[in-house]
Amino acid sequence: MQLLDGKFVAEKLKLEIAEEAASVLAVSGRKPHLVAILVGHDGGSETYVASKMKNCEKVGFKSSLVRYEETVTEAELLNKIDEINQDPGVDGLIVQLPLPKHIDPEKVTEKIDYRKDVDGFHPVNLGRMMRNLPCFIPATPYGILLMLEEYKIETAGKHCVVVGRSNIVGSPMSILLARNAYPGNCTVTLTHSRTANLSEMVRSADIIVAAIGRKNFITADMVKDGAVIIDVGINREVSESTRSGYKLYGDVDFDHVAPKASWITPVPGGVGLMTIVGLLRNTLASAKKEIYK
Ligand code: NDP
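Conventions used here
Residues numbered from 1 in each chain as written. Predicted model: local features only at pLDDT ≥ 70, side-chain atom pairs only at ≥ 80, totals over all residues. Heavy atoms only, no water. UniProt positions renumbered as here; feature names shortened; annotations may be inferred. Near = heavy atom within 4 Å. Polar contact = N/O pair within 3.5 Å; in protein donor to acceptor, adjacent residues only side chain to side chain. Areas by Shrake-Rupley, 256 points an atom, 1.4 Å probe, with all protein chains shown as cover. Helix = DSSP H or I, 4+ residues; strand = E, 2+ residues; numbered from the N terminus. Nonpolar A, V, L, I, M, F, W, Y, C, P; charged D, E, K, R; others polar. pLDDT = per-residue confidence, 0-100. Salt bridge = Lys/Arg side-chain N within 4 Å of Asp/Glu carboxyl O. Buried < 20%, exposed > 50% of the residue type's maximum accessible area, 1.4 Å probe, protein only. Pairing = 2+ DSSP bridges. Axes fitted to C-alpha atoms, helices over the stretch in contact; angles between N-to-C directions. Contact = heavy atoms within 4.5 Å. Phe/Tyr/Trp six-rings, centres within 6.5 Å; stacked < 30°, edge-to-face > 60°. Lys NZ or Arg CZ within 6 Å of the ring centre and 35° of its normal.

For the protein chain, the name recorded in an unreviewed UniProt entry is Bifunctional protein FolD, with Pararcticibacter amylolyticus as its organism. Quoted verbatim from the Pathway (unreviewed entry) heading of the UniProt record, the comment on the protein chain is "One-carbon metabolism; tetrahydrofolate interconversion."

Spelled out as structure tokens, the structure:
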């Protein structure tokens, strides 16, 4: 078994991003600028946003955080998005999910100017992704592609089973891995909670992408010898043994699955760190007007 080491790859790619950010600054006189909107005080969201902001600073981007209480109205939030859309000093805008129940996430996603949609959730970006056109790719699947590329994992002709069909991870991942590209050219099976014979399906996979949100869901008996395992899950459990007061678990039973795998991502230290790289790459591409002029 070999580790797909998100920490190592992320650090390496962030150095490259930092170099490019420095040349953007030298040429244009400004740093790539990411704005994040955070509504409420969800523990997970606070951690993710803080980490995104910190990583922006690390690679020489400007980052701004716009905070709202849970009580913010949908109209207020949409107005703010409009304002940021029109600000030429902003390259990327993300709204951290989940949002409170009274705010429609679809309206929020569609309100973001697709040319600043560095999370890649806007229908224009998703549509362009479907058609294999230049676009912002959702950060987590993008990070996974970068990791597969870095370790030169062979994907063509492989059977990939994606577990989970969310708009932000599972569905885009399945489209990207089926594309005529590298990494890609897989035969993809997209599975979900209504899939019959899930274990059998997963057992037939050369590559497994687990994006379910349930601790240790993928067990050793569901994995074929030599499979490549990408564990997207981040399941937080309260713990007295850690400084932060919680511990993270993936969707894969790492201890028992790893001995059967050819390659596997750890949690933490795997996909989560690569997601940030995906976001930084999209923000840089936006600042350089590589995708939309
Ligand atoms: P969602 O809750 O949006 O989607 C979960 C998916 O898993 C759904 O498609 C659901 O099926 C499926 N599912 C749930 N239970 C089962 C089951 N028993 N059998 C088969 N499929 C099942 O989650 P996300 O995609 O947003 O996130 C998934 C995990 O990845 C979470 O732990 C999240 O924290 C983590 N995550 C990690 C990121 C990272 O950077 N590492 C980034 C984003 C998410 P159905 O559609 O039928 O309900």
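Q: What exactly am I supposed to notice about the site of the ligand here?
A: Around the ligand sit 21 residues in total, of which R165, S166, S193, I234 and T275 are the nearest. Between the ligand and S166, the relevant distance is 2.6 Å, taken from an oxygen atom to a side-chain nitrogen or oxygen of the residue. A distance of 2.5 Å separates an oxygen atom of the ligand from a polar atom in the side chain of S193. Within the complex, 71% of the 920 Å² of free accessible area of the ligand lies under protein. Looking at the shell around the ligand element by element, the count peaks at three residues for helix α10 (residues 271–287). Tallied by class, residues from the shell around the ligand come to nine nonpolar, ten polar and two charged.

Q: Hey, could you run me through the confidence of the model for the protein chain in this one?
A: Interpretation of the predicted coordinates at a detailed level should be avoided for regions scoring low in pLDDT. Confidence in the prediction for the protein chain averages 97 pLDDT; 100% of positions are at 70 or higher. At the level of chain-chain contacts, confidence expressed as ipTM amounts to 0.99, with global pTM at 0.97.

Q: Quick question: what am I supposed to make of the pattern of salt bridges here?
A: Opposite charge on two side chains permits them to pair, given that their charged atoms come into close proximity. For the coordinates displayed, the defined rule picks out twelve salt bridges. The shortest N-O distance in the salt bridge between K14 and E11 comes to 3.4 Å. You can see K14 and its partner E11 sitting in helix α1 (residues 6–28), three residues apart, about one turn around the helix. For K14, a relative accessible area of 10% puts it in the buried group. We note a salt bridge from E20 to K288, for which the minimum N-O separation is 2.4 Å. Here E20, found in helix α1, pairs with K288, found in the segment after α10; they are 268 residues apart in sequence, far enough to count as distant. Overall, the relative accessible area of 31% leaves E20 in the partly exposed class. For K288, a relative accessible area of 35% translates into the label partly exposed. One continuous salt-bridge network, built from bridges that share partners, spans E20, K288 and E290.

Q: So what exactly am I meant to see when it comes to the sheet that holds strand β4 (residues 92–95) here?
A: Through backbone hydrogen bonds, the strands of a sheet pair up, either in parallel or in antiparallel fashion. With respect to topology, three strands assemble into an open sheet ordered β3-β2-β4, the strand pairing being parallel. A strand with exactly one partner marks an edge of an open sheet, and here the two such strands are β3 (62–68) and β4. Ignoring which end each strand starts from, the neighbouring axes of this sheet average 15° apart. Pairing between strand β2 (residues 33–39) and β3: seven bridges, direction parallel. From the neighbouring strand, L34 faces β3, where its bridge partner is S63. Against the sheet, helix α2 (residues 43–58) contacts β2, β3 and β4, and its axis sits at roughly 155° relative to β3.

Q: What am I meant to see in the packing of aromatic side chains here?
A: For any pair of aromatic rings, the description rests on two quantities: the centre-to-centre distance and the angle between the ring planes. The full count for this structure, using the stated rule, is three aromatic pairs. Taking 5.0 Å as the distance between ring centres and 85° as the angle between the ring planes, the aromatic pair formed by Y114 and Y292 counts as edge-to-face. Placement of Y114 in the loop between α4 (105–111) and α5 (123–130) and of Y292 in the segment after α10 is noted, with a sequence separation of 178 residues between them. Owing to a relative accessible area of 12%, Y292 belongs among the buried residues under this scheme. Pairing F136 with Y292 gives two aromatic rings, centres 5.7 Å apart and planes at 65°, and the pair type is edge-to-face. Of this pair, F136 sits in the loop between α5 and α6 (139–150) while Y292 sits in the segment after α10, and the two are 156 residues apart along the sequence. Both residues of the pair, F136 and Y292, count as buried. Within the aromatic cluster, the residues linked to one another by ring pairs are Y114, F136 and Y292. Geometry around Y249 places K215 over its ring, the cationic atom sitting 4.0 Å from the centre.

Q: Looking at this model, I keep getting lost on the sheet that holds strand β11 (residues 263–264). Mind explaining?
A: Strand order in this open sheet of six strands is β1-β11-β8-β7-β5-β6, and the pairing throughout is parallel. The strands lining the two open edges of the sheet, one partner per strand, are β1 (2–3) and β6 (187–191). Relative to β11, β1 runs parallel, the two sharing two bridges. Across the sheet, the residue bridging to L3 is I264, located in β11. The sheet strands contacting helix α7 (residues 170–178) are β5 (159–163), β6 and β7 (207–210), and the helix crosses β6 at an angle near 170°.

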